[in-house]
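If you want the building blocks of each chain, they are given just below.
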Amino acid sequence: MIKHCNGRRLIKALSASNDWLSSKMEVVNNLNVFPVPDGDTGFNMSLTLKAAVETAKELKDRDLSSIAKGAGESSIMASRGCSGVILSQFLVGLAKGLEGKKRVEAKELAQALFKGAENAYQGVREPIEGTILTVAQESAKKALEIAREERDIAQVLREAHKKAQEVLEKTPEMLPVLKDAGVVDAGGAGFVYILEGALRLIEGKPLEEVSKIEVTVAKTVNAWRSILVGIRGGELRDIKEVETIASKTIQAAKKRLSCLPLQKFKSATGTRRVVGTWEKVLGIIQKRGLLDIKAVRTTAQKAVDTWEREIKYKYCTEFLIKGKDLALKKIEDELAKHGDCAIVVGSKELAKCHVHTNEPDKVKKYAATLGEVDKVKINDMDKQHQTLLMEKEVGEAVRVKELGIIAVSTGEGWSKILKSMGADEILGGPKKLKPSVEDISKTIEETEAKNIILLPNDGDIIPAAEKAAELSKKKVEVVSTKSIPQGLAALMNYNPEAGIEENKEFMNQALGRIKTGQVAKAARIAKYREFKIRKGEIIGLYRKEVKVKGKKPQSVALDLIKEMVKEGDSIITLYYGRGVRTKRANQLLSQVKEKYPNLDVQIYFGGQPHYYYIISVE
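Everything numeric here is computed off the predicted structure, so don't read it as measured data.

A. Expanded view of a positive patch on the surface. Judged by side-chain charge, Arg8, Arg9, Lys12 and Arg103 come together as a positively charged surface patch. No other element matches the three residues that helix H1 (residues 7–23) contributes to the positive patch. Mapping Lys12 onto the fold places it in helix H1.

B. Representation of the side chain of His338 in the model. Relative to the assigned elements, His338 resides in the loop between helix H16 (328–336) and strand E4 (339–346). If near-sequence neighbours (up to four positions away) are discounted, His338 is found in contact with Tyr313, His356, Thr357, Asn358, Glu359, Lys362 and Val363.

C. Region of the structure containing helix H8 (residues 153–174). For H8, built from 22 residues, the straight-helix expectation of 32 Å at 1.5 Å per residue is met to within 8% by its first-to-last C-alpha distance of 30 Å. Here H8 has its buried residues at Ile153, Ala154, Val156, Leu157, Ala160, His161, Ala164, Val167, Leu168, Thr171 and Pro172. For H8, the N-terminal cap is Asp152; the gap from its side-chain oxygen to the backbone nitrogen of Ala154 is 3.0 Å.

D. Quick look at the environment of Asp361. Relative to the assigned elements, Asp361 resides in helix H17 (residues 360–368). On the accessibility criterion, Asp361 (57% relative accessible area) is exposed. Through-space distance from the C-alpha of Asp361 to that of Ile378 is 9.9 Å; in sequence the pair is 17 residues apart.

E. Region of the structure containing the packing of H1 against helix H10 (residues 186–203). The N-to-C vectors of H1 and H10 enclose an angle of 125 degrees; their axes lie 7 Å apart at closest approach. By the angle class used here, H1 and H10 are oblique. The handedness of the crossing between H1 and H10 is right-handed. Along the contact surface, H1 presents Lys12, Ala13, Ala16, Ser17, Trp20 and Leu21, while H10 presents Gly190, Tyr193, Ile194, Glu196, Gly197, Ala198, Arg200 and Leu201. Looking at the contact of H1 with H10 residue by residue, the class counts come to eight nonpolar, three polar and three charged.

F. Structural context of the sheet that holds strand E15 (residues 545–550). Reading across from one edge, E15-E14-E11-E18-E16-E17 is the order of the six strands in this open sheet, with mixed pairing throughout. In the strand order of this sheet, the two ends are held by E15 and strand E17 (600–605), each with one partner. Across the sheet, the mean angle separating the axes of adjacent strands is 20 degrees when strand polarity is ignored. Where strand E14 (residues 538–542) meets E15, five bridges bridge the pair, whose relative direction is antiparallel. Bridge pairing in E15 links Gly540 to Val548. Contacts between helix H25 (residues 582–595) and the sheet are confined to strand E16 (571–576), E17 and strand E18 (611–617), with E17 contributing the most and set at about 170 degrees to the helix.

Thresholds, definitions, all that
For every chain, the first residue of the written sequence is number 1, and numbering continues from 1 onward in sequence order. For a predicted model such as this one, the threshold for reporting local features is a pLDDT of at least 70, and the threshold for listing and counting side-chain atom pairs is 80 or more; totals across whole chains, interfaces and linings nevertheless cover every residue. The side-chain values count all of the structure's non-hydrogen atoms but skip hydrogen atoms and water molecules. Exposure above 30% relative accessible area and the lack of any salt bridge qualify a residue for a patch; like charges then connect within 9 Å, and the nonpolar side chains Val, Leu, Ile, Met, Phe, Trp and Tyr within 5 Å. Only the protein chains shown count as cover for residues, and the accessible areas themselves come from Shrake-Rupley with a 1.4 Å probe. Salt bridge, as used here, is a side-chain nitrogen of Lys or Arg placed within 4 Å of a carboxyl oxygen of Asp or Glu. Neither His nor the chain ends contribute to the count of charged residues, in which Lys and Arg are positive and Asp and Glu negative. We put the charge of a Lys on NZ, of an Arg on CZ, of an Asp on CG and of a Glu on CD. Secondary structure elements follow DSSP: runs of H or I no shorter than four residues count as helices, runs of E no shorter than two count as strands, and numbering proceeds from the N terminus. A contact between two residues is defined here by any heavy atoms of the two lying within 4.5 Å. Given the number of residues in a helix, its expected span is that number minus one, multiplied by 1.5 Å. Think of it in three bands: with a 1.4 Å probe and only protein chains considered, a residue is buried below 20% of the maximum accessible area for its type, exposed above 50%, and partly exposed in between. Pairs of N or O atoms are called polar contacts if they sit within 3.5 Å, as long as, within protein, a hydrogen donor faces a hydrogen acceptor (for residues adjacent in sequence, only side-chain-to-side-chain pairs). Orientation is described by axes fitted as lines to C-alpha atoms, over the contacting stretch for helices, and by angles from 0 to 180 degrees between their N-to-C directions. We call two directions roughly parallel when the angle between them is under 35 degrees, roughly antiparallel when it is over 145, roughly perpendicular when it lies between 65 and 115, and oblique otherwise. Handedness of a crossing is defined here by the sense of rotation of the near helix relative to the far one, left-handed for an anticlockwise turn of less than a right angle and right-handed for a clockwise turn. Note that Gly is not counted as nonpolar here; it falls among the polar residues with everything else outside the nonpolar set of Ala, Val, Leu, Ile, Met, Phe, Trp, Tyr, Cys and Pro and the charged set of Asp, Glu, Lys and Arg. Between any two strands, pairing holds if DSSP finds at least two bridges.

Laid out in structure tokens, this is it:
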């Protein structure tokens, strides 16, 4: 029986809730269809709660009131997504209910829970029933009801959790969008797991789930690993000895797996990969048999390799830096020291960073020295690869995103940059023609997303993009980007937590700030206003007009930049094409820096086929 809660116990409860929610994060993510369909409610709530726990653990003052207040305040700063924000408001309300108290009994704790639910409601401009708000409020009401007679905090939590689960099951009846999708509310599910985590702590249950299948596979993989090591080291030379060991391993694995309800687990988070892998590996074993040492080694290698992908840099790390006088090239060079695929774009006030690294914490720590770090996204590429691979092998569909972005590119470098900025699919390329309506329509349908934003990145492609959007059964919006620099500006304004209409508005707002120029070789004799242009001359275009001409791409680029740069501009970005040597491009970079010492000048490989340089000024 638990008669009171103090600061120390609150820290343990919050930590347990965080651990359990983290273990269920993907389950919650897969439920997320309302109100903002971003597919990351579990992630948002987990990060929000994690920040609260970390702060609570670091506080020197361990009384209940201080712990609750610190947790609530830190959760506000860390909150993201609708459910994350609501959770932070709940924690702030909980802190208000515990204000000035060093320990509380069941009744006071129930009152604090109700205060948390009440504060969450008040923090939402238009509260909607059938969400985390309803689940939290009804469970808190139940806690108050039970605490009138019950002094055991554990029993109060059990009843509150039971009520939260009951209300969660009813959310589809409260919200048609949930019923149509066949799911319960994601935020509500996250809240249930938060209560469940604290309850599991009290009851002495584990705070992370490892399925029997995963345990079985781990044992089998280790057995195969031992066989492989023995063969490589020469310790296992006799084929009969190897066959005996391997046969026992297979039979044991078959026996263990046959005792488990594999079909039941195929839809469970994290187990499809397990089942798919071993169905395939066992299939290979059965078809080949154990005829010789080479066959055993090959099979063992396949079994181990399936689980041990060798990726040089494991974590794809992305974030924004908000600061002053940010030196983008310098930041990019520093990030490159920690990994590869380092790309930094943006302005002196806002930089979007991308790097593949094994040291995401060091990268974040460095970024924090330059300004405020926001929208951090760290993906384990190894896990992503294995999950995708196994989902395909088992024949199950990859989880469909709510919102995807398709961007048109004209070069390898551009494609890499667009991908790093958040584009899901790339159309076009240096050896391809401008995409047709059919090309775009096909890509729309193949993109694993319910809704699509199209970035044509070329005024000539916009009509085809609009027609493809009209023909699609999906909801597709075209942001009329007329150049790839405009497309990059639009992606800088992309908010993965927002819906398609809101994102279109954000992206359109960015287009007016970007000026784009191109440097190319004239393909024919022409006369344009005062210019008499010969075939093979170098021309500089800006706003669909020939502004300058000359004999060398570098000199034309410098003259064109002079036409483009006006007072108030702060950034010049050069993108060189596939026909330009890096040495020449860097020479131009030095010249531009010398002429414009007060502007931030950057250069990237675009790889476009028809233009020596594409120039962006903002």
